[in-house]
Amino acid sequence: MTHGIAITGVALATGFGLSAEDTWHRVARGETAVHAAGRFGGAYVAELTEQDTLWALAQRLPVDDLPKGTGITLGTNGAPEAAWHTGFPYTALDPIVAKLGLDGPQAIFGTGCVASANALCHAVDLLRAGRAPAMLVGGIDLLNVTTMATFSSWKALDTEPSGPYSRSSGVNLGEGAAFLLLEADPGDKEVIAYVNGYGMTADAFHITAPPPSGEGLFRAMRQALRDAGVSPAQVDYVNGHGTGTPANDRAELTALRSLFGQDGPPLSSSKPQLGHTLGAAGVVEAAITAFAIRDSKLPPTINLDPERMPGWDVVPGTARPAKIDVAVTNSIAFGGANCVLVLGREPAAHDPGFGVREVSTVGSSSVPDAEAARGNFPRAYASRVDELGALSLAAAHLAWSDAGYTAENRPDPDRVGLVLATAGGPLATIEELHAAQERDELHLISPVTAPNIVASVTAGYVSLTLGLKGPLSAVTSGPASEEVALDHATNLLTTGRADVMLVVTADERGPGAGARVLRGEPL
């Protein structure tokens, strides 16, 4: 089993353009692509100008000699724009797969702002297990008025250029896309960096805010380091989530102090330069981190308020030279999902010691429609979730009960994960937001129900109500969603990242919802 996965190609589309190297050099110089955008009422964002972005990016990778069996994974919360109206973001991969003739595994994840990091973790598992020789891992999110209005309803947007870790008064959003080419055996190819470990957890705390302790992120970082076979003392740099929102910045800094102590490695966020690229952020920021390792250069944090510094080295202003052998990159999402990657200059020689195990089904359920869902999940959430959420919650709670689990008799919550599979996504919420747009009433949308537009929020409600703190994912791979979700959950079990996985499949305009409780059995 291979553990160090090589990054042999990077393609980036950011507000700086379609050149990955130019984006990296401009980030290092402390430049920003964030500006006041007229189409969003003067809000500060970073925008793409190119069309057909994913295919344009794919062509910039060394794709002519991809080996047979190469697969592709993507993280997105609805791209391209048409997907927000159709509810089928998985179609974004269709032209790439057709044009490149890819015949390996395919999957799309819609896990909020960890979506592309989640896609990368799944690709790593496939490569480590020898199920593909190479994987294209992408992320894309494009801004639209409903996204902006939703963030505005939470008062999360900064009215000026954002200042993570110091001013922390809001986020600047950004459009972005990225692809990494990952290979299990790069041969004599030039390697930019290696993906040596990952960790995935759920907060089971709140749908749109992390716990102040950053406990879920702390566990994800600890898992990722263990997977990579390195200690906190060996980490040379952290590419932080660093949104600029007060709750996220405080929680992340607290989690870092819990793991590293008061004198941890340098930390920075590129979101004031590229904007928060949402579902694309995990791969976009993994690319920046890989370049930092390659060039021995710490990327900066800009827009810092010198009177409100965090008491941590956040690499102010511009990049500075430093040898980086081990780097961590953090992602956090609505729904309480945390995903952490560990990148290195050299491949991991470490076997994380995850014992391969058999998987069995210990509980299941079926919910035919929303009417049947009523009364089968906590009433307190009935007014918060949409139809997709009601179906998912009911199926999850019924399967959990069928497995014989109760509040008094249950597995360790840290060792229980969740994968939500949905082909269509939250169609009713998407349509409601677009109807509000047509009525010119987006300013009236509810900050309580608007988050349901993100599939990770539906997953988050399940993990919150059942108290599940293991890996959390949302799969939005169209008709293949259930198959991909079961595969992903099985990988997490067989590699020992969880002892129990709950897989929920739900669609508003399909057969309703179903759930299975899977358990990893010791050999």
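Above this note sits the structure.
Residues numbered from 1 in each chain as written. Predicted model: local features only at pLDDT ≥ 70, side-chain atom pairs only at ≥ 80, totals over all residues. Heavy atoms only, no water.

Asker: Before we go on, may I ask you to explain helix α12 (residues 387–402) in this structure?
Answerer: What sets the pattern is the α-helix's 3.6 residues per turn: residues three or four places apart point alike. For α12, built from 16 residues, the straight-helix expectation of 22 Å at 1.5 Å per residue is met to within 8% by its first-to-last C-alpha distance of 23 Å. Turning to α12, its buried residues are Leu388, Gly389, Ala390, Leu391, Ser392, Leu393, Ala394, Ala395, Ala396, His397, Ala399 and Trp400. Looking at the buried residues of α12, the elements they touch are β16 (358–367), α11 (370–373), β17 (416–421), α14 (455–466), β19 (500–507) and β20 (512–521). One or two residues past the end of α12 sits Gly404, with phi positive at roughly 85°. (Helix = DSSP H or I, 4+ residues; strand = E, 2+ residues; numbered from the N terminus. Expected span 1.5 Å × (residues − 1). Buried < 20%, exposed > 50% of the residue type's maximum accessible area, 1.4 Å probe, protein only. Contact = heavy atoms within 4.5 Å.)

Asker: Which parts of the structure should I look at to understand the packing of aromatic side chains?
Answerer: Two descriptors summarise a pair of aromatic rings, namely the distance from one centre to the other and the angle between the planes of the rings. A full pass over the atoms with the stated rule returns six aromatic pairs. A centroid spacing of 6.1 Å and a plane angle of 25° characterise the contact between Trp24 and Phe291, whose relative ring orientation is stacked. Taken together, the positions of Trp24 in helix α1 (residues 20–28) and Phe291 in helix α10 (residues 281–295) put the pair 267 residues apart, joining distant regions of the chain. Taken together, a centroid distance of 5.8 Å and an interplanar angle of 75° make the contact between Tyr381 and Tyr461 edge-to-face. Taken together, the positions of Tyr381 in the loop between α11 and α12 and Tyr461 in helix α14 put the pair 80 residues apart, joining distant regions of the chain. Since its relative accessible area comes to 4%, Tyr461 is described here as buried. Connected via pairs of aromatic rings, a cluster forms that spans Phe151, Trp154 and Phe334. In this structure, Arg497 is placed above the aromatic ring of Tyr198, and the distance from its NZ or CZ to the ring centre is 3.6 Å. (Phe/Tyr/Trp six-rings, centres within 6.5 Å; stacked < 30°, edge-to-face > 60°. Lys NZ or Arg CZ within 6 Å of the ring centre and 35° of its normal.)

Asker: Help me understand the pattern of salt bridges, please; the structure alone is not making it clear to me.
Answerer: Between side chains of opposite charge, a pair can form as their charged atoms come close. Using the criterion set out here, one finds 27 salt bridges in the structure. The partner of Arg320 in a salt bridge is Asp313, and the shortest N-O contact between them spans 2.3 Å. Given the relative accessible area of 29%, Asp313 is considered partly exposed. Taking the shortest distance from any N to any O, the salt bridge between Lys323 and Asp325 comes out at 3.8 Å. (Salt bridge = Lys/Arg side-chain N within 4 Å of Asp/Glu carboxyl O.)

Asker: Even after reading the chapter, I still don't get the sheet that holds strand β3 (residues 43–46), so can you show me in this structure?
Answerer: Two orientations exist for strands paired in a sheet by backbone hydrogen bonds: parallel and antiparallel. One open sheet accounts for three strands, arranged β2-β3-β7; its pairing is mixed. Because the sheet does not close on itself, it has two edges, and the strands there are β2 (35–37) and β7 (173–174). Pairing geometry for β3 and β7, over two bridges, is parallel. Each residue of the ladder has a partner; that of Ala46, found in β7, is Gly174. (Pairing = 2+ DSSP bridges.)

Asker: Explain the pairing of strand β6 (residues 134–141) to me, please; I cannot follow it from the model alone.
Answerer: Put simply, side chains in a regular strand alternate between the two faces of the sheet. Counting buried residues along β6, eight of its eight residues qualify, which places the element largely inside the surrounding structure. The pairing of strand β4 (residues 71–75) with β6 spans five bridges and is classified as parallel. Directly across from Gly71, in β6, lies its bridge partner Met135.

Asker: How should I be thinking about the nonpolar core in this particular structure?
Answerer: Note that soluble globular proteins tend to have their nonpolar side chains buried in a common cluster. Counting 123 residues, the largest nonpolar core has Ile7, Val10, Leu12, Leu120, Leu180, Leu182 and Leu502 as its most contacted members. If we skip the residues at most four places from it in the chain, Leu12 touches Gly17, Leu18, Ser19, Ala20, Thr23, Leu57, Ala177, Ala178, Val284, Ala287, Ile288 and Phe291. (Core = buried A, V, L, I, M, F, W, Y, C linked by side-chain atoms within 4.5 Å.)

Asker: Could you clarify how one ought to interpret the pairing of β3 in this entry?
Answerer: Of the pairings in the sheet, the one linking β2 to β3 comprises three bridges and is antiparallel in character. Its bridge partner being in β3, His35 is matched across the sheet by Val45. Linkage of β2 to β3, two consecutive antiparallel strands, is achieved through a turn of five residues, within which Gly41 is found at a positive phi near 65°.

Asker: Explanation requested: the environment of Phe218 in the structure shown.
Answerer: Take Phe218: it is sitting in helix α7 (residues 215–228). Through-space distance from the C-alpha of Phe218 to that of Asn172 is 25 Å; in sequence the pair is 46 residues apart. Dropping the residues within four chain positions of it, Phe218 is found in contact with Ala255, Ser258 and Leu259.

Asker: Which parts of the structure should I look at to understand α7?
Answerer: Under the 1.5 Å per step criterion, the end-to-end length of α7 is 20 Å for 14 residues, consistent within 8% with the ideal 20 Å. Burial within α7 is extensive, with ten of its 14 residues counted as buried. Those residues of α7 not exposed but buried are Gly216, Leu217, Phe218, Arg219, Ala220, Met221, Ala224, Leu225, Asp227 and Ala228. Buried positions along α7 lie against α5 (115–128), β9 (193–202), α8 (246–260), β14 (326–333) and β15 (337–344).

Asker: Teacher, can you tell me more about the environment of Gly9 here?
Answerer: Inspection of the secondary structure assignment puts Gly9 in strand β1 (residues 5–13). Gly9 sits in the buried class, given a relative accessible area of 5%. With 174 residues separating them in the primary sequence, Gly9 and Glu183 have C-alpha atoms 9.5 Å apart. Apart from the residues lying within four places of it in its own chain, the contact partners of Gly9 are Leu61, Phe179, Leu180, Leu181 and Ile192.

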